[in-house]
Amino acid sequence: MSEETRRYWDEQAATFDDEADHGLRDPAVRRAWADLLLPLLPPTARVADLGCGTGSLSLLLARAGHDVHGIDLSPRMIDAARAKAATAGVAARFSVGDAATPPLEPRSVDVVLVRHVLWAFQEPGDVLASWIDLLVPSGLLLLVEGRWSTGAGLAAADCEALVRRHRHEAQVRMLGEPSYWGKGITDERYLLASSR
């Protein structure tokens, strides 16, 4: 990613958590995400949260006993994530790095979690292949994506087709309920899960 992209997200860091699904400050929104994600994870999973932003999902998973490493391009996002983890007494790790080429070894994690990041890459298929390489055999890929009312994003059918180029299965669950976003939505948002 470019320096311009890094600067943009650095500028967003101070207010990023104001969105209900970013900060997970509302207990009902936080519970909705926990109820969605935690049942999918194996016990005490090693999780890479790529493009983790301020680390809200990283903390959610770490509180549940998972070994989480959050990575984001923005140093200010990572600073915010580290501060939140320290305040909460949660042992998640955070590193500055490009989500497209995360500083992780191949086959080193049980779960790759990525929220609202894949759509932003010019070559999403190549990026997706690099993420899958991080997984142990039968590791779990979790993508939260959408096709937003602005026209940006990645439609569920397109995302599923990308994943199926590399893996045998992909299950899509639409996430239209306001409980995930803290408000009603009219665009397409979904979770794609793939374990093989």
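Draft legend 1. Local environment of the pattern of salt bridges. This structure, assessed with the given rule, holds eight salt bridges. Close ionic contact of Lys84 with Asp17 constitutes a salt bridge, the shortest N to O distance being 2.9 Å. Of this pair, Lys84 sits in helix H5 (residues 75-88) while Asp17 sits in the loop between helix H1 (3-12) and helix H2 (20-23), and the two are 67 residues apart along the sequence. Here Asp67 makes a salt bridge to Arg93, at a shortest N to O gap of 2.6 Å. In this pair, Asp67 is assigned in strand S2 (residues 67-72) and Arg93 in strand S3 (residues 93-96), connecting sequence segments 26 residues apart.

Draft legend 2. Structural context of helix H4 (residues 56-63). H4 sits mainly inside the fold: seven of its eight residues count as buried. Within the sequence span of H4, burial applies to Ser56, Leu57, Ser58, Leu59, Leu60, Leu61 and Ala62. Phi turns positive one or two residues past the end of H4, at Gly65, with a value near 100°.

Draft legend 3. The arrangement of the environment of Ser95 in detail. Looking at the secondary structure, you find Ser95 in strand S3. Distance in space between the C-alpha atoms of Ser95 and Ser56 is 14 Å, their sequence separation being 39 residues. The residues contacting Ser95, other than those within four sequence positions of it, are His69, Gly70, Ile71, Asp72, Ile78 and Arg82. In terms of polar contacts, Ser95 uses its side chain to reach the side chain of His69, at 2.7 Å.

Draft legend 4. Looking closely at the packing of helix H3 (residues 27-37) against H4. It is the contact of H3 with H4, at a shortest axis distance of 11 Å, that shows an interaxial angle of 65°. In this structure, H3 meets H4 at a crossing whose hand is right-handed. Residue-level contacts link Arg30, Trp33, Ala34 and Leu37 of H3 to Leu57, Leu60 and Leu61 of H4. In terms of residue class, the contact of H3 with H4 is built from six nonpolar, no polar and one charged.

Draft legend 5. Region of the structure containing the pairing of strand S1 (residues 46-50). Of all five residues that make up S1, four are buried, and the element is covered over most of its length. Relative to S2, S1 runs parallel, the two being bridged by five bridges. Across the sheet, residue Arg46 finds its bridge partner in S2, namely Asp67. Regarding the hand of the β-α-β motif, the stretch spanning S1, H4 and S2 is right-handed. With four bridges joining them, S1 and strand S4 (residues 109-115) adopt parallel strand pairing.

Calculation rules
Residues numbered from 1 in each chain as written. Predicted model: local features only at pLDDT ≥ 70, side-chain atom pairs only at ≥ 80, totals over all residues. Heavy atoms only, no water. Salt bridge = Lys/Arg side-chain N within 4 Å of Asp/Glu carboxyl O. Helix = DSSP H or I, 4+ residues; strand = E, 2+ residues; numbered from the N terminus. Buried < 20%, exposed > 50% of the residue type's maximum accessible area, 1.4 Å probe, protein only. Contact = heavy atoms within 4.5 Å. Polar contact = N/O pair within 3.5 Å; in protein donor to acceptor, adjacent residues only side chain to side chain. Axes fitted to C-alpha atoms, helices over the stretch in contact; angles between N-to-C directions. Left-handed = near helix turned anticlockwise from the far one by under 90°. Nonpolar A, V, L, I, M, F, W, Y, C, P; charged D, E, K, R; others polar. Pairing = 2+ DSSP bridges. Right-handed = clockwise from strand over helix to strand, strands pointing away.

Shape descriptors only; they carry no functional weight alone.
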